[in-house]
Amino acid sequence: AKGGFASVPVVVAAWFYRIPVLIHESDVAPGLANQIMSRIAKRIALSFQGSIDFFPERKIFISGNPIRKELAEGSREKAIQAFSLNPAKKTILVIGGSQGAHVINSAIIGLLPKIMQKYQLIHITGKKEYEAVVANAAKQGYKAGRDSFFPCPFLREELGNAFSAADIVISRAGANALTEIAANAKPSIVIPISGSANNHQEQNAFMFSQAGAAVILEQNNLGENILLGKIEEILNNKEIAFELSERVKKFYNPQAAELIAQEIIKLAG
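Predicted model, so just to flag it, every value in this text is computed and none were measured.

Q: Give me the sheet that holds strand 2 (residues 43-46): which residues, what numbers.
A: What the 3 strands build is an open sheet, ordered 1-2-3; its pairing is parallel. In this open sheet, the two edge strands, each paired with only one partner strand, are strand 1 (22-25) and strand 3 (60-62). Strand after strand, the sheet turns through a mean of 25° between neighbouring axes, direction not considered. Its contacts with the sheet put helix 11 (residues 256-268) on strand 1, strand 2 and strand 3, and the angle it makes with strand 1 is roughly 160°.

Q: Kindly report on the pattern of salt bridges, identifying the contributing residues and their values.
A: Enumeration according to the criterion identifies 8 salt bridges in this entry. Of the charged contacts, one joins K230 and E233 as a salt bridge, the two residues approaching to 3.7 Å between their closest N and O atoms. With K230 and E233 both in helix 9 (residues 224-235), this residue pair falls 3 residues apart, about one helical turn. When its relative accessible area of 29% is taken as the criterion, K230 is described as partly exposed.

Q: So, the nonpolar core: which residues are in play, and what are the values?
A: The biggest cluster of nonpolar side chains holds 35 residues, and the ones touching the most others in it are F83, L85, L93, L155 and F208. Examining the composition of this core, we find that 5 residues originate from one element, helix 7 (residues 175-183), more than from any other. L93 has contacts with I122, I124, A162, F163, A166, I168, V169 and I170, leaving out every residue within four places of it along the chain. Among the nonpolar cores identified, the runner-up in size contains 31 residues, and I104, M116, I168 and I170 belong to it.

Q: How would you explain a nonpolar patch on the surface if you had to name every residue and give the values?
A: Together, V12, W15, F16, Y17 and I19 make up a nonpolar patch on the protein surface, roughly 590 Å² of accessible area in all. Note on placement: F16 falls in helix 1 (residues 7-16). Relative accessible area serves as the criterion here: at 58%, F16 is assigned to the exposed category.

Q: How would you summarise the packing of aromatic side chains if you had to cite specific residues and measurements?
A: One pass over the structure, following the stated rule, counts 4 aromatic pairs. Here the aromatic rings of F16 and Y17 are separated by 5.3 Å at their centres, their planes lie at 85°, and the arrangement is edge-to-face. What makes Y17 exposed here is its relative accessible area of 60%. Ring centres of F208 and F251 lie 4.2 Å apart, and the angle between their planes is 20°; this geometry places the pair in the stacked category.

So, how was this worked out
- Residues numbered from 1 in each chain as written.
- Predicted model: local features only at pLDDT ≥ 70, side-chain atom pairs only at ≥ 80, totals over all residues.
- Heavy atoms only, no water.
- Pairing = 2+ DSSP bridges.
- Helix = DSSP H or I, 4+ residues; strand = E, 2+ residues; numbered from the N terminus.
- Axes fitted to C-alpha atoms, helices over the stretch in contact; angles between N-to-C directions.
- Contact = heavy atoms within 4.5 Å.
- Salt bridge = Lys/Arg side-chain N within 4 Å of Asp/Glu carboxyl O.
- Buried < 20%, exposed > 50% of the residue type's maximum accessible area, 1.4 Å probe, protein only.
- Core = buried A, V, L, I, M, F, W, Y, C linked by side-chain atoms within 4.5 Å.
- Patch = residues over 30% accessible without salt bridge, like charges linked within 9 Å, V, L, I, M, F, W, Y side chains within 5 Å.
- Areas by Shrake-Rupley, 256 points an atom, 1.4 Å probe, with all protein chains shown as cover.
- Phe/Tyr/Trp six-rings, centres within 6.5 Å; stacked < 30°, edge-to-face > 60°.

Right, dumping it as structure tokens:
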């Protein structure tokens, strides 16, 4: 079970029938469902070391967060072709999450004239935000797919390639997004959702900040000068970019899925 509330009755039923349970916690701070299910679970897989204090020590193991293999095996050359990128320009990848992130999208669109003077942008807007982002960009003279501006509602097959081409990633602080950044060893600016359930995004971001693995900005502190200043500081300082890339690597375990599978097999006996 992964921690969604829909899994709670299934886990309770498993306990009733004496079927062993393994749960996986993606975030640093566990949600209520996993806190409840941890009492029943035989084994608890954790994505991050920072979660160990929330669960009984005898049950836990650090697996990491499993992601699709191809997300860590992208091709910069394929991204250049797919997005018509200029190989001579540095690339910014913005990830607003599956539903988009209005605050991040608005901040980026407000910076378009300054960003486009030097860089190119792959902007994953989310389905709900896509049309508004494209329309607002057009008002400033930037057409989708041209002028180094490449917005899209979501990416699936091309996401690994987009990561490979990116010189910096701007993202929310969901566990999957952070793991994808770590898997690709990319310098990043992370903007957690304020007031997310159990403050899980803020907790995730704090852990990355403590490790020096990302630059963290609060979403109510996305002033034009602050965000652009951080983007340029990373893109124009090779030492800072290198340090962020090196430090973030430790948050990705390519064997995560195998470790979880091995524990499942052991429980199945």
